[in-house]
Amino acid sequence: MKLIVFTKKDCPQCPNAKAIAKEVAEELGLEYEEIDIEKDLITALQFNVASTPSIAFGEEVLFRGEVPTKEQLKQEILKLMK
Amino acid sequence: MLWGGILDLSTIDFPGKLCSVIFFAGCPFRCPYCQNHRLLSGGIKVGVDEIVEAVKRNYLIDGVCLTGGEPLAQDLEELLELLRRLKDLGLAVKIDTNGYYPEKLSKVLDLVDYVAMDFKTTPERYAELTGRGDSAERVLKSLEILANSGIEYEVRTTVVPTIIDGEEIEKISEVLSEFGVRKYVLQQFRNEDVLDEKLRNVEPYPKGYLLELGRIAKRNVPKVIVRCEGEEEV
Amino acid sequence: MPETFDTEYDHNKEFLTVRTSRNMLESFDRRKIVQSLIKETGISKEIAEEIALEVEETIKKLKLKFISAPLIREIVNVKLLERRLEDARRDYTRLGLPVYDATQIIEKGVRENANLQHNPETIHKLVADWVMKEYALLKALPLHLADAHMRGEIHIHDLEYFVTRPYCFQHDLRWFLKNGLKVDGTGENTAVAGPAKNAEVAILHAAKALAAAQTNFAGGQGLDFFNVWLAPYMAGKTYKEIKQLAQMFIYELSQMYVARGGQVVFSDIDIEYGVPKICQDLPAVLPGGVVKDSITYGDFEEEAIMFARALTEVYLEGDYVGKPFFFPKPNYKLRRECFKKEGFDEFMILVHKVVAKYGSPYFLNLLAGYLPDNVFAQCCRLVLSPDNTDWEDFKNGCMRTGSLQVVTINLPRIAYESNGNDEKLFELLEERMKLAREVIEIKRDIILKRMKQGSLPFLTQDVNGEPYYRVDKVVRSIGFVGLNEMLKAHTGEELHESKDAWRFGLEVIKRMMDIAMEWSEETGQRWVITQTPAESASHRLALLDLKEFNGKAVVQGDVKTGAVYYTNSSHVRVSADVPLFERLRIEGAFHPLCNGGMMAHVWIGESSPNPELLWELTKKIATKTLIGYWAYTKDMTFCRDCKNLSGGIKKSCPNCGSSNVEWYSRVTGYYQRVSGWNDGKRKELFDRKRVNLG
Ligand code: SF4
Ligand SMILES: [Zn+2]
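Structural notes, computed from the coordinates. Going along each chain's sequence as written, the residues are numbered from 1 onward. Chains and ligands are labelled sequentially in the order written, the chains with letters from A and the ligands with numbers from 1. Owing to the predicted nature of the model, reporting of local features is limited to residues with pLDDT of at least 70; listing and counting of side-chain atom pairs is limited to 80 or more, with chain, interface and lining totals taken over all residues. No hydrogens and no water enter the side-chain calculation; it runs on all heavy atoms of the structure.

A few points about the site of ligand 1
Point 1. Residues are classed as near a molecule or strand on a simple rule: at least one heavy atom within 4 Å of it. The full set of residues close to ligand 1 is B:Cys27, B:Phe29, B:Cys31, B:Cys34, B:Leu40, B:Gly69, B:Asn98 and B:Lys120.
Point 2. Per-class residue counts for the shell around ligand 1 are 5 nonpolar, 2 polar and 1 charged. Three categories are distinguished: nonpolar for Ala, Val, Leu, Ile, Met, Phe, Trp, Tyr, Cys and Pro, charged for Asp, Glu, Lys and Arg, and polar for the others, with Gly belonging to the last.

In structure tokens:
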């Protein structure tokens, strides 16, 4: 399962979210992907995401329009990996 | 496990929680007024995974209500596995039981947040009503376990005209009070598609009469609720 | 060929009397035909005379005692067609309805419109509608557009009003509170009222402004920030008095059975919990229309909350016999800032008691992340995002918007015609949208013309040097119906059946939105995509497609009885066995694409759902989905005998057993009596998948 960050060009929070997600993906050995919601709006919509930054793990959106702490993100992922 | 179906969202089956309702097939009793008699036998064989899958992505719920049939008639190991998985998902669990499986009940209680247990009639008449000779004894055992568990629970009676009357309610509530039951629910009987065809023509008691019965029960149990279209505390 | 009329031919006079359209008996005079032909069609005098002569010959042969003017006209029309003068024929023909149909309307009414009761006013309206609809198709629209509608490629909504009024409107109550009210727009035919000096009058002005506006509009009339703008009038009143006012307003709008030939006003109000931030610093319009910079709406937080609660309690109580109020439709806005306000939870539980009992409230979700701080929601499902000039109006005390006209695209038809070819499908989609655009552009010209001619007086009132209605500020709405059936026909799968079908569906609607945005840039006008209020369209189009594409057409309902319909806009098929969370996820994905209006229905099967948990559900929908606007729908059975209202569609009353019952459900957004529905809609009611088995 992939860790996906939904981003937008001028979103001030996105770089932050990307950095955290990347770190977590590395630590847990997950595949990592970024999706620009303006370029691929339809994929974002299928995740029910319309605000950035949002983070999904597999099909599940974990955070919507907010930046979690590294710990929060890890915790949510581990819950789903069980 | 024997799967009987799922209701994906309910606001009335788990006090204080939006829930999905999972129906299991199979029940040791044969209550004449059973509404789910199509679930008394048969069912589809499924694994724990499949059940978890059915509720896992449901972001609208905070809990799951396991009902039936009799959910505790399922294999204990599988039940425990299911309950653990549901807990991992952060879901609260409610079990509806008829009280026939005290040992299993005691083993699952740690993983359950709410239990609704039937107390269908007075102990003397249990065997006749349910078709099981040892039912009264086992139900009383379950009640004792519940009463001592510290878990949130309710005891409930379906008020079927021709079967249950005021005297009956009085006796039941006395038994409940001995165990220290705090929440007792009187449910309105619904005649649609019940097991015993004769009962399909029996009209349910109106709400007013149920409230009257509730007041009788209230002498012995601190909180009495009447459930017909919606709930009302007596 | 005689060049002039020769008295020799006039012997007809002696035996033939004509019943004219002006209710007079006149003698037949061929010259009248010539004159009218020249005046009405502009054909040459020679041809006119030639035709007149032929007509006379024909009539003579019939050896009649009397002949009616309409029949003479039809004979003239035949002669025009024989000469291939089709345009002249179109100008010369008459409009009207067969005697049989008139009788049907008089004796039975029609079922197409769920809001119409059978009464003398609506009979007049229906007969007039017939003529106006024909006029629109024959005269206002060029042949190719009229045909596109008749063939069912597109559906032009409210054709009966096409040549007279725009669709719907959202008003700013502050303007009427500040300036008073001329219900006829000019003050020439009705009394003129100054600014309301007290709360009772303010309430009545609000109700009358909507009723007055309805005479100039085809669709819904809305009042945004209803409890906010009226809050200053509640100052110093007790809660009991405020509730009395709330009751007065709701009764006014649900009882004034006057609009458009005997209907209630299609009204809705937006209710806020308190005064939202965007309104707090605006100078308040006070009793007497007084505005002082020092007093702003922020000073009336408490009154706004009390009024919101009072309105909600009135909705909860229902009318004298316990039936729900269907109008004005209440929209509750969910804003992040509300959650921090004290008492909000308690208030929302009250709102959800109304949901549990009647289903009626609507929710506008400002938490979904794509809607701006204020959106204007009204009538069936119009949700509009304001632009800068709107904010200017908002600050100036007269924010107003609406939709000029809705034209719906028949999506399944496109699939049938493109035979599985994607490219062709998108090509046809654009082609159909262009037809819709042409229709709406004609509508724009018509409305401008009517405003000039003075036949839309409520709309031409002056607001700071501009007319109240600004044709180029309102939106042009392009709707769509049957995405689900389009997908089934084109991809072999329904919307909920695979991720790919869903994705393709999103691509279709996104393409529509992109085209609309391009047009907006090109024209400087607002072109939007909307989830069509498809009450009659989905039935009509399905029926037409069934005839035209038999074997290929994918319709819902019962083919044998003709009770067929298409699934609304981009909704999941109503009868599909899909859990609610999945349905909302699929449908929500379309909401950000429908920039002109969206709507989701959440059917409640439980006869007495728990209000606290319904509020939990509302919060989940607001924070976890992209649903921008939704309502819970509860079907209800009302007993005419014992006046008991119960949940669900029941054949007999659970309280007294009587089968003298009425059913209520929601159609397009308004609750209606089911007996007023067309066959397609009735079928849909029974096909619905409900949240709970009940
Ligand atoms: S215990 Fe419950 S499920 Fe079993 S027969 Fe009785 S009513 Fe039916
Ligand atoms: Zn009744």
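Describing a negative patch on the surface
All names here are of chain C.
Point 1. On the surface, Asp422, Glu423, Glu427 and Glu431 cluster together into a patch of negative charge.
Point 2. Each helix corresponds to a stretch of at least 4 residues labelled H or I by DSSP, and each strand to a stretch of at least 2 residues labelled E; elements are numbered beginning at the N terminus. Summarising the element assignment, Glu423 is placed in helix α19 (residues 422-453).
Point 3. Since its relative accessible area comes to 64%, Glu423 is described here as exposed. Like charges are joined within 9 Å and nonpolar side chains (Val, Leu, Ile, Met, Phe, Trp, Tyr) within 5 Å, but only among residues with over 30% relative accessible area and no salt bridge; these make up the patches. Values of accessible area rely on a 1.4 Å probe in the Shrake-Rupley scheme; residue burial ignores everything except the protein chains shown. Salt bridges are defined as contacts in which a side-chain nitrogen from Lys or Arg sits within 4 Å of a carboxyl oxygen from Asp or Glu. Neither His nor the chain ends is counted toward charge; the positive residues are Lys and Arg and the negative residues Asp and Glu. The atom standing in for a charge is NZ when the residue is Lys, CZ when it is Arg, CG when it is Asp and CD when it is Glu. When a residue's accessible area, from a 1.4 Å probe over protein chains only, is under 20% of the maximum for its type it is buried; when over 50% it is exposed; and in between it is partly exposed.

Focus on the environment of C:Ser27
Residues and elements named next belong to chain C.
Point 1. Summarising the element assignment, Ser27 is placed in strand β2 (residues 25-27).
Point 2. Residue classification places Ser27 among the partly exposed positions, given a relative accessible area of 42%.
Point 3. A sequence separation of 40 residues divides Ser27 from Ile67, and the C-alpha atoms of the two residues are 9.9 Å apart.

Here we look at the packing of helix α2 (residues 30-41) of chain C against helix α3 (residues 45-62) of chain C
Relative placement of two packed helices is described by the angle separating their axes and the distance separating the axes.
Residues and elements named next belong to chain C.
Point 1. With their axes 9 Å apart at the nearest point, α2 and α3 run at an angle of 140 degrees to one another. On the basis of the axis angle, α2 is oblique to α3. As α2 runs across α3, the sense of the crossing is right-handed. Listed contacts from α3 to Arg30, Ile33, Val34, Leu37 and Ile38 of α2 are Lys45, Ala48, Glu49, Ile51, Ala52, Leu53, Val55 and Glu56.
Point 2. Split by residue class, the contact of α2 with α3 holds 9 nonpolar, no polar and 4 charged. The convention used is that axes are lines fitted to C-alpha atoms, helices contributing only their stretch in contact, and that angles between N-to-C directions extend from 0 to 180 degrees. Relative orientations are named as follows: roughly parallel for angles under 35 degrees, roughly antiparallel for angles over 145 degrees, roughly perpendicular for angles from 65 to 115 degrees, and oblique for any other angle. Crossings are assigned a handedness: left-handed for a near helix turned anticlockwise from the far helix by less than a right angle, right-handed for a clockwise turn. Pairs of residues are marked as contacts when any of their non-hydrogen atoms sit within 4.5 Å.

Remarks on the pairing of strand β24 (residues 629-634) of chain C
Residues and elements named next belong to chain C.
Point 1. Burial within β24 is extensive, with 6 of its 6 residues counted as buried.
Point 2. In β24, alternate side chains face the same way, and those of Tyr629, Ala631 and Thr633 on one face and Trp630, Tyr632 and Lys634 on the other are all buried.
Point 3. Pairs of strands are assigned from DSSP output, requiring at least two bridges between the strands. Here 3 bridges tie strand β13 (residues 362-365) to β24, and the two strands are oriented antiparallel to one another. Across the sheet, residue Leu364 finds its bridge partner in β24, namely Tyr629.
Point 4. As paired strands, strand β23 (residues 600-604) and β24 are joined by 5 bridges and run parallel to one another. By the bridge assignment, Ile604 is partnered in β24 with Lys634.
Point 5. By definition, the crossover connecting two strands over a helix is right-handed if that path, from the first strand to the second, turns clockwise as seen with the strands pointing away from the viewer. For the segment spanning β23, helix α24 (residues 611-624) and β24, crossover handedness is right-handed.

As for the side chain of C:Lys443
Residues and elements named next belong to chain C.
Point 1. Considering the arrangement of structural elements, one finds Lys443 in helix α19.
Point 2. Asp158 provides the closest opposite charge to the buried, unpaired Lys443, separated from it by 7.4 Å.
Point 3. A polar atom in the side chain of Lys443 sits 2.9 Å from the side chain of Gln405.
Point 4. Beyond its immediate stretch of four places on either side in the chain, Lys443 contacts Tyr161, Phe162, Arg165, Pro166, Leu404 and Gln405. N or O atoms closer than or at 3.5 Å make up a polar contact, with two conditions inside protein: a donor-capable atom paired with an acceptor-capable one, and, for residues adjacent in sequence, both atoms drawn from side chains.

Some thoughts on unusual backbone geometry
Point 1. B:Gly69 follows B:Gly68 through a cis peptide bond whose omega is 20 degrees.
Point 2. Take B:Gly69: it is sitting in the loop between β4 (63-67) and α2 (76-88).
Point 3. Following C:Phe327, the chain continues into C:Pro328 via a peptide bond in cis, with omega recorded as -10 degrees.
Point 4. Positioned with a positive phi, C:Asn464 is a non-glycine residue whose angle comes to about 45 degrees.
Point 5. For C:Asn464, the position within the fold is in the loop between β17 (462-463) and β18 (466-467).

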